[in-house]
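# Descriptive structure summary
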Amino acid sequence: DTLLVSIPRDLWIPSLRAKINTAYHYGEEKKPGEGGIVLAKSAISEALDQPVDFVAVVDFSVFEKAIDTIGGLGITVDRAFTDLKYPVSGHETDPCESCRHQTVSFTAGPQHMDGAIALKYVRSRNAEGDEGTDFARSQRQEKVISAFKQKIFSSPTKIFQLSRILSEGVVTDISPDVYFPLAKLALKSARTKLRTTAIAEPLVYNPPLSAAQDYQWVLLPKDNN
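One structure accompanies this document, and this report is about it. (Residues numbered from 1 in each chain as written. Predicted model: local features only at pLDDT ≥ 70, side-chain atom pairs only at ≥ 80, totals over all residues. Heavy atoms only, no water.)

Tallying each qualifying case throughout the model produces 10 salt bridges. Among the salt bridges present, the one from Lys31 reaches Glu34, with a minimum N-O distance of 3.7 Å. Put simply, Glu97 and Arg100 hold a salt bridge, and the shortest N to O gap is 2.6 Å. In this pair, Glu97 and Arg100 are both assigned in helix 4 (residues 97-100), three residues apart and thus about one turn of the helix distant. Ionic contacts of the salt-bridge type, sharing partners, join the residues Arg79, Glu131 and Arg140 into one network. (Salt bridge = Lys/Arg side-chain N within 4 Å of Asp/Glu carboxyl O. Helix = DSSP H or I, 4+ residues; strand = E, 2+ residues; numbered from the N terminus.)

Further remarks concern a nonpolar patch on the surface. Together, Ile159, Phe160 and Leu187 make up a nonpolar patch on the protein surface, roughly 320 Å² of accessible area in all. Secondary-structure assignment places Leu187 in helix 8 (residues 179-189). (Patch = residues over 30% accessible without salt bridge, like charges linked within 9 Å, V, L, I, M, F, W, Y side chains within 5 Å. Areas by Shrake-Rupley, 256 points an atom, 1.4 Å probe, with all protein chains shown as cover.)

Turning our eyes to something else, we now look at the packing of helix 1 (residues 23-30) against helix 2 (residues 35-48). Close contact between helix 1 and helix 2 brings their axes to 6 Å; oriented N to C, the two are set at 140 degrees. On the basis of the axis angle, helix 1 is oblique to helix 2. Crossing hand, helix 1 versus helix 2: right-handed. Contact residues: helix 1 offers Ala23, Tyr24, Tyr26, Gly27 and Glu28, while helix 2 offers Gly35, Gly36, Ile37, Leu39, Ala40 and Ala43. A breakdown of the residues in the contact of helix 1 with helix 2 according to their chemical character gives seven nonpolar, three polar and one charged. (Axes fitted to C-alpha atoms, helices over the stretch in contact; angles between N-to-C directions. Parallel < 35°, antiparallel > 145°, perpendicular 65-115°, else oblique. Left-handed = near helix turned anticlockwise from the far one by under 90°. Contact = heavy atoms within 4.5 Å. Nonpolar A, V, L, I, M, F, W, Y, C, P; charged D, E, K, R; others polar.)

In this section: the side chain of Asp134. Position of Asp134 among the secondary structure elements: in helix 6 (residues 134-154). Of note is the side chain of Asp134, whose polar atom sits 3.3 Å from the side chain of Arg137. Excluding its chain neighbours within four sequence positions, the residues that come into contact with Asp134 are Arg9, Asp10 and Arg125. (Polar contact = N/O pair within 3.5 Å; in protein donor to acceptor, adjacent residues only side chain to side chain.)

A word on unusual backbone geometry. Leaving glycine out, the prevailing phi sign among residues is negative, and the prevailing peptide bond configuration is trans. Residue Pro202 is bonded to the preceding Glu201 through a cis peptide linkage, with omega at 10 degrees. Summarising the element assignment, Pro202 is placed in the loop between strand 10 (194-198) and strand 11 (204-205). One non-glycine residue, Asp49, lies in positive phi territory at about 55 degrees. Positionally, Asp49 belongs in the loop between helix 2 and strand 4 (56-57). Taking the relative accessible area as the measure of exposure, Asp49 reaches 65% and is therefore exposed. Positive phi, close to 55 degrees, is recorded for Asp223, a residue that is not glycine. Take Asp223: it is sitting in the segment after strand 12 (220-221). Asp223 sits in the exposed class, given a relative accessible area of 69%. (Buried < 20%, exposed > 50% of the residue type's maximum accessible area, 1.4 Å probe, protein only.)

For the rest of this paragraph, the subject is helix 5 (residues 115-123). Structural remark: α-helix, 3.6 residues per turn; residues separated by three or four positions point the same way. Of all the positions in helix 5, only Gly115, Ala118, Leu119, Tyr121 and Val122 are classed as buried. In an axial view of helix 5, the angular spread of the buried residues amounts to 160 degrees, which keeps them on one side of the axis. Of the surrounding secondary structure, the elements contacted by the buried residues of helix 5 are helix 3 (60-69), strand 5 (73-77), strand 6 (81-87), strand 7 (101-106), strand 8 (109-113) and helix 6. Its side-chain oxygen placed 3.3 Å from the backbone nitrogen of Ala116, Asp114 serves as the N-cap of helix 5. (Arc of directions from axis to C-beta.)

Quick look at the structure:
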């Protein structure tokens, strides 16, 4: 079986004294081009108590290109939502509020998404109500990944087109000598259902702000498990 586990961005990592979503950034600051992967591996291993063999870093542009290459995705939106503060790429530090943000909306029901729309769907985290949580965002991301997996394995010719995009845009520590066995494993997993789960409530909780976490809004494992 293939199991996809989503880790919340606000999970506190004691050894870093920071949230898990900062690990790659701090690692790159210390050792550009290598440190991000090393520190991300360490943080995830600490959180899950499981070894991490490989890391692949996919940026927004590769995400969009990969989805466009396979002709987009059919996604059923479970709940309609509107995000009034979706970030405008390249304007994150603009002093003009309306320049930094744009409004994105999704209606409930089946729809076809190209790469740009799918990115907004999985990245949005400022909607009001249930869809404004990181837990809801993780569920949307799982939905898109599952749809992507299903589509590429239903059309094998797309895999060769994707390989070029991924080789040019993905940062990874996977060595070429394991490409073939990993490809065999991926083809084997195509015949099985992708199981998904997320580290979410009640497995984690938000503690009161304190000096122990530098007064940051964080998530901690319940019962320190």
